Amino acid sequence: MNIEVRQPERGGTQAIKARVGIFDCDIHPKSSLEDLRPYLSNRWWDYLQTYGQRQRHGYVKGFPYPKSQPLASRRDSWPPGGGLPASDLNFMREQHLDLYGIECGIMNPLSPTGQGEQNDELSAAMAFASNEDQLERWNRREPRLKASVVIPYENSKLAVKEIRRRAGDRRFAHVLFLSRTSELLGKPRYWPIFAAAVEAGLPVGVHVFGSSGRPMSNTGWPSFYIEEITEHSASLQASVTSLIVEGVFERFPELKVALIEAGFAWIPALGWRLDQNWRRMKDEVPHLRKAPSEYLREHFWVSTQPMEEAEEPDHVLDIMGWIGWDRILFASDYPHWDFDDPFLALPPSLSEERRTKIYSGNAKALYRLD
Amino acid sequence: MAKHVVAALGDIPPGTRKLAQLNGRAIVVFNLGGEFFALNNRCPHRGGSLFHGKQTGLVEADGPGNYCYSRPGEIIRCPWHGWEFDIRTGQSWCDPARVRARRYAVGIEPGTRLIAGPYVAETVPVSIENDYVVVEA
Amino acid sequence: MVREVNVSGAIDCDVHPTVPDMKALMPFLDDFWRETVEERGINSLETVTYPPNAPLTARPEWRNKNGRAATVAAEVTAQVCDRWGAEVAILNCLYGVGLLFSEDMAAAFTRAVNDWVLREWLDRDPRLRASIVVPMQNVDYAVDEIERCARDRRFVQILVLAMQEVPLGRRHLWPIYAAAERHRLPLGIHAGSTYRHSVTSLGWPSYYIEDYASHTQAFQSQVASLVCEGVFAKYPGLKVVLLESGVTWLPGFLWRFSKFWRGVRSEVPWVDRSPAEIVRDHIRLTIQPFDAPADRDCVERAIEHLRSDAMLLYASDFPHWQFDGEETVPAGIPAALRRKILVENPQATYDRLAG
């Protein structure tokens, strides 16, 4: 009998790995500002050293809704050799990529990327640096990890420049937004970004968080972190509505949008509400040639994490069926605390066919990668 | 169920915990002020490793805004989704009626009733004054 | 007229009396405020939440020659009670007194609205009941107004708009809930905004269709706030009614909320059981609009997701144009639930209906 300090093995790991290569649509690699140094000009490096980043929430480090665990990460994701969660590629391989048989993972770096930074030029400089870093320090060493095109989304001219720089590079999976943009995503100021994404043949990925600079809800500022994380879906409802009703998909019929970490149970009800009101007030939006729910169905994908946990598990299956089995993308959110274990997160009663679609089939159809 | 020696008493000082593999099952053993408790390491929610979680106290409230912190170190929070389990009983705090971490009986066997096994051979010589931590699993 | 669902005897929990203009409120203002209205040319407090001529605001055949609907009691009872069969109708006046910034003006105009409802509506038809419009601009004034109006038992609820300056659970607002609980008046939260913030958390939408969709987002935030701040822990007798919220958004929201609570519970330890349970105990929703799929099986399934027979309350939302024809109850609601929705749940929610 032994004392073991390794993590317990998942039952059936080998069997599952052999059957399905998992496509993980949401991994958060952690680079430091020092890691970005090679890709930043002296001007912006010096600026960062002196003035730093200014996110619209006001803190130098940390958040006014402090996370429930340090860096919002799993407590077991801190690499034994030191460093922050998801900063050590070897440990990420051991704890995640190899353990679960991840065939392909999309990196959605959250910081330091300059997204939402008050200064547009700095935001653009950091976006460039983050994209270079993803390629050089992550993808080149670990080709299973695909990059996102981080963009300074509040300045569409600079964002388009960055997208065009990366267009045609099939190591990039999608163009990345954070969800709390300073305006609704359907507003014309963001359209050049959608044009560039379509031109580059890239979907747009919208990942929760960021700081819009507005109150966190449309009824002011809540008090608690639990309210912040619960209510991300509300702001996505507003942006999804905006994208549809402003006619973005009429203007860009090839645009595809992946909603990441926003949950998905709210999608059918939003479609029903918009349809009901569109039927009554079509004259307001003559540019829409279809019911809103049709645009929802045709242009949006949702990631599984954080997996919905209904009191009756069948109810989650109802939602998935109403959304469309071809629209659902597996995501782990490694290394965050609300991480979904690939082997345990999906409803156990799913058919093999649906499970395979969610694990990889749908992502492969959406993302055109090497 | 069989008895397994998991550690020498001195290996798990008060306030610490140890992870053991028994028959392919991972068990985490806690020393709460000299009392020993053991739980199945696998969180009943979604399988996180409780050993890697945070040992903390019980947070209650007697009204909105009145945080009452007691029993420091007697709650283990899963390192993943943060579910809280009472180390003494395995009871979860978010759904006490339905969810608990599986408990294992833990006893301290005095040295004379030690079960012979490789552990003894691999470490320090057996002494009848030494006590061993034994888990039934 | 034969309808699929016979509504007779029902309690219609959401009907809107329309203030024609500020002149209608003049008899209920004192000399100073009457003078103020005239001197400063305050003619109207109509809000863009329901643009006067927008289809949703009123069905064309319900509008009078001035283009407004539901401006007098007889018109409303003729439709809601005589034609559609409700025995009782609860009036929720949405005139835009909640948007004013001056606390004193807001208090005076709010009093006038409540008095107008009392004289021009409640006094004219014994089938009518009403909500007390609450001036949220000042908590003391709000409590005063509740105390003043609660003496008349035909006021059965207190009424606030869904989008406020701060989330409704915030503690400095609690004296309002104390007063409501004391008088056994549910807190009615109605779709609408005080326009303290953009109607979405990401700014102002271009189209009215988007505006109208934004109310469900506010309801989500309000439910989370009331639960997380501990309003129901402090006021266990308080009931909340979500008026014109849409219904089908709720189950998915509760799943996410309850899931996170299980892991983050220690941030709000006074939330001593799953948010889903707390909501089922304390919160009710009116059924118009229902935000339903066209498919009747789907409607039934969506209702099953609520996991409660007690939550839904009948409402026509007159004169808002939520449905065509005379079927005030959305298609697909199981027959077994009808009596609960039409009569029993409203009776259980509004204690004062019993007299």
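My aim in this report is to walk through the structure given alongside it, one point at a time. Note that residues are indexed from 1 along each chain, following the sequence as it is written. Both sets of labels track the order of writing: A upward for chains, 1 upward for ligands. Where local features are concerned, this predicted model is filtered to residues with pLDDT of at least 70; where side-chain atom pairs are given and counted, the filter is 80 or more; whole-chain, interface and lining totals use all residues. Working from all heavy atoms in the structure, the side-chain values ignore hydrogens and water.

1. Concerning a negative patch on the surface
All names here are of chain C.
Part 1 of the argument: Patch definition: residues above 30% relative accessible area lacking any salt bridge, with like charges linked at up to 9 Å and the nonpolar side chains Val, Leu, Ile, Met, Phe, Trp and Tyr linked at up to 5 Å. Methods summary: accessible areas were calculated by the Shrake-Rupley approach with a probe of 1.4 Å, and residue burial reflects only the protein chains presented. Only one rule defines a salt bridge in this text: a Lys or Arg side-chain nitrogen within 4 Å of an Asp or Glu carboxyl oxygen. In this tally Asp and Glu are treated as negative and Lys and Arg as positive; neither His nor the chain ends contributes. Here the site of a charge means NZ on Lys, CZ on Arg, CG on Asp, or CD on Glu. Together, Glu103, Asp104, Asp140 and Asp144 line one region of the surface with negative charge.
Part 2 of the argument: Within the residue set of the negative patch, elements represented by two or more residues are helix H3 (103-122) and helix H4 (139-150).
Part 3 of the argument: Per the convention used, a helix needs a DSSP run of H or I reaching at least four residues, while a strand needs a run of E reaching at least two, with both numbered from the N terminus. Mapped onto the fold, Asp144 is located in helix H4.

2. Remarks on the side chain of C:Asp14
Part 1 of the argument: Tracing the backbone through its elements, the reader meets C:Asp14 in strand E1 (residues 10-15).
Part 2 of the argument: Here C:Asp14 is buried and forms no salt bridge, its nearest opposite-charge partner A:Arg273 lying at an N-O distance of 11 Å.
Part 3 of the argument: In this structure the side chain of C:Asp14 is engaged in a polar contact, spanning 3.2 Å, whose partner is the side chain of C:His190.
Part 4 of the argument: C:Asp14 has contacts with C:Ile90, C:Asn92, C:His190, C:Leu243, C:Glu244, C:Thr286, C:Ala315, C:Ser316, C:Asp317 and C:Phe318, leaving out every residue within four places of it along the chain. Burial classes follow relative accessibility: with a 1.4 Å probe on protein chains only, a residue under 20% of its type's maximum area counts as buried, one over 50% as exposed, and anything between as partly exposed. Any N or O atom pair separated by 3.5 Å or less is treated as a polar contact, with the protein-specific requirement of one donor-capable and one acceptor-capable atom, and with residues adjacent in sequence counted only for side-chain atom pairs. We call two residues in contact whenever any of their non-hydrogen atoms come within 4.5 Å of each other.

3. Structural notes on the pattern of salt bridges
Part 1 of the argument: One pass over the full model with this rule turns up 54 salt bridges over all chains.
Part 2 of the argument: A:Arg144 is paired through a salt bridge with A:Glu142; the nearest N and O atoms lie 2.9 Å apart.
Part 3 of the argument: Residue classification places A:Arg144 among the partly exposed residues on the basis of a relative accessible area of 21%.
Part 4 of the argument: Given the relative accessible area of 5%, A:Glu142 is considered buried.
Part 5 of the argument: Between A:Glu312 and C:Arg307 there is a salt bridge, with the nearest N and O atoms lying 3.0 Å from each other. Placement of A:Glu312 in the loop between strand E7 (300-303) and helix H13 (313-323) and of C:Arg307 in the loop between helix H10 (296-306) and strand E8 (312-313) is noted, with the two residues assigned to different chains.
Part 6 of the argument: For C:Arg307, a relative accessible area of 34% gives the class partly exposed.
Part 7 of the argument: A cluster of three or more residues bridged by salt bridges with shared partners is formed by B:Glu35, B:Arg71, B:Glu74, B:Asp86 and B:Arg88.

4. Remarks on the packing of helix H6 (residues 156-166) of chain A against helix H7 (residues 191-199) of chain A
Residue and element names in this part refer to chain A.
Part 1 of the argument: What counts as an axis is a line fitted to C-alpha atoms, over the stretch in contact for a helix, and the angles between N-to-C directions run from 0 to 180 degrees. Between H6 and H7, whose axes approach to 9 Å, the crossing angle comes to 10 degrees. Taken together, the axes of H6 and H7 are roughly parallel relative to one another. Between H6 and H7, the residues in contact are Ser156, Ala159, Val160, Ile163 and Arg164 and Pro192, Ile193, Ala196, Ala197 and Glu199, respectively.
Part 2 of the argument: Partitioned by chemical class, the residues of the contact of H6 with H7 number 7 nonpolar, 1 polar and 2 charged. Oblique is the label for every angle not falling under 35 degrees (roughly parallel), over 145 degrees (roughly antiparallel), or within 65 to 115 degrees (roughly perpendicular). Under the grouping applied here, Gly and all other residues not named as nonpolar or charged are polar, the nonpolar ones being Ala, Val, Leu, Ile, Met, Phe, Trp, Tyr, Cys and Pro and the charged ones Asp, Glu, Lys and Arg.

5. A closer look at the sheet that holds strand E7 (residues 84-86) of chain B
Sheet strands pair via backbone hydrogen bonds, and the direction of the pair is either parallel or antiparallel.
Residues and elements named next belong to chain B.
Part 1 of the argument: Only strands joined by at least two bridges in the DSSP assignment are considered to pair. Strand order in the open sheet formed by 3 strands is E5-E6-E7, with antiparallel pairing between adjacent strands. Edge positions in the sheet fall to strand E5 (54-61) and E7, since each has one partner strand and no second. Between one strand and the next, the sheet's axes are offset by a mean angle of 60 degrees, whatever the strand orientation.

6. Some points on the interface of chain C and chain A
Part 1 of the argument: Across the boundary between the two partners, chain C contributes 71 residues, which contact 69 residues of chain A.
Part 2 of the argument: Take the accessible area each of two parts loses on contact, using a 1.4 Å probe, and add the two losses: that sum is the buried area. Carbon and sulfur atoms supply 57% of the area buried between chain C and chain A, which totals about 6000 Å² over both sides.
Part 3 of the argument: Together, C:Leu202, C:Trp255 and C:Arg256 form the three largest contributors to the area buried by chain C at its contact with chain A, with a combined 15%.
Part 4 of the argument: For the pair chain C and chain A, the number of links is 8 salt bridges.
Part 5 of the argument: Here A:Asp318 makes a salt bridge to C:Arg301, at a shortest N to O gap of 2.5 Å.

7. Things to note about the sheet that holds strand E5 (residues 187-193) of chain C
Part 1 of the argument: Spatial ordering of the open sheet is given by E1-E2-E3-E4-E5-E6-E7-E8 (chain C), a layout of 8 strands whose pairing is parallel. Lying at the two open borders of the sheet, with one neighbouring strand each, are E1 and E8 of chain C.

8. Remarks on the packing of helix H11 (residues 267-280) of chain A against H13(A)
All names here are of chain A.
Part 1 of the argument: H13 packs onto H11 with a crossing angle of 50 degrees between their chain directions and a minimal axis gap of 9 Å. Here H11 lies oblique to H13, going by the angle between them. Only Ile319, Trp322 and Ile323 of H13 make contact with H11, whose side of the interface consists of Ile267, Pro268 and Trp272.

9. Description of unusual backbone geometry
Part 1 of the argument: The peptide bond linking A:Gln305 to A:Pro306 adopts the cis configuration, its omega dihedral lying at -10 degrees.
Part 2 of the argument: Checked against the element boundaries, A:Pro306 lands in the loop between E7 and H13.
Part 3 of the argument: That bond from C:Gln288 to C:Pro289 is cis: its omega, -5 degrees, falls within 30 degrees of zero.
Part 4 of the argument: Of note, C:Pro289 is situated in the loop between strand E7 (283-286) and H10.

10. Quick word on the interface of chain B and chain C
How big an interface is tends to be stated in terms of accessible area lost as the parts join.
Part 1 of the argument: Contact residues are listed per partner, giving 15 residues for chain B and 15 residues for chain C.
Part 2 of the argument: For the pair chain B and chain C, the summed buried surface comes to about 1200 Å²; carbon and sulfur atoms form 58% of the total.
Part 3 of the argument: Among the residues of chain B in contact with chain C, B:Pro64, B:Tyr67 and B:Cys94 are the three that bury the most area, contributing 40% of the side total.
Part 4 of the argument: One can count 1 salt bridge joining chain B with chain C.
Part 5 of the argument: A salt bridge links B:Glu84 to C:Arg265, with the shortest nitrogen-to-oxygen separation between them at 2.7 Å.
Part 6 of the argument: In this assembly, chain B and chain C are joined by 5 residue pairs in polar contact (both at pLDDT 80 or more).
Part 7 of the argument: When contributions to the side of chain B that touches chain C are tallied by element, the ones reaching two or more residues are E5 and strand E6 (67-77) of chain B.
Part 8 of the argument: Element by element, the count of residues in the side of chain B that touches chain C is highest for E5(B), at 3 residues.
Part 9 of the argument: Residue composition of the side of chain B that touches chain C, grouped by class: 7 nonpolar, 5 polar and 3 charged.

11. Quick word on the environment of C:Ala112
All names here are of chain C.
Part 1 of the argument: If you trace the backbone, Ala112 turns up in helix H3.
Part 2 of the argument: Look at Ala112 and you get buried, because its relative accessible area is 0%.
Part 3 of the argument: It is 4.8 Å that separates the C-alpha atoms of Ala112 and Phe28, two residues lying 84 residues apart in sequence.
Part 4 of the argument: Setting aside anything within four residues of it in sequence, one finds Ala112 in contact with Leu25, Phe28 and Leu29.

12. Digging into the pairing of strand E3 (residues 128-133) of chain C
All names here are of chain C.
Part 1 of the argument: Among the 6 residues in E3, 6 count as buried, and that is most of the element.
Part 2 of the argument: The sheet contact formed by E3 and strand E4 (residues 155-163) spans 4 bridges and is parallel. Across the sheet, the residue bridging to Ser131 is Gln157, located in E4.
Part 3 of the argument: Assignment of crossover handedness uses the view with strands pointing away from the viewer, where a clockwise path from the first strand over the helix to the second indicates a right-handed crossover. Regarding topology, H4 serves as the crossover connection from E3 to the parallel E4, and that connection is right-handed.

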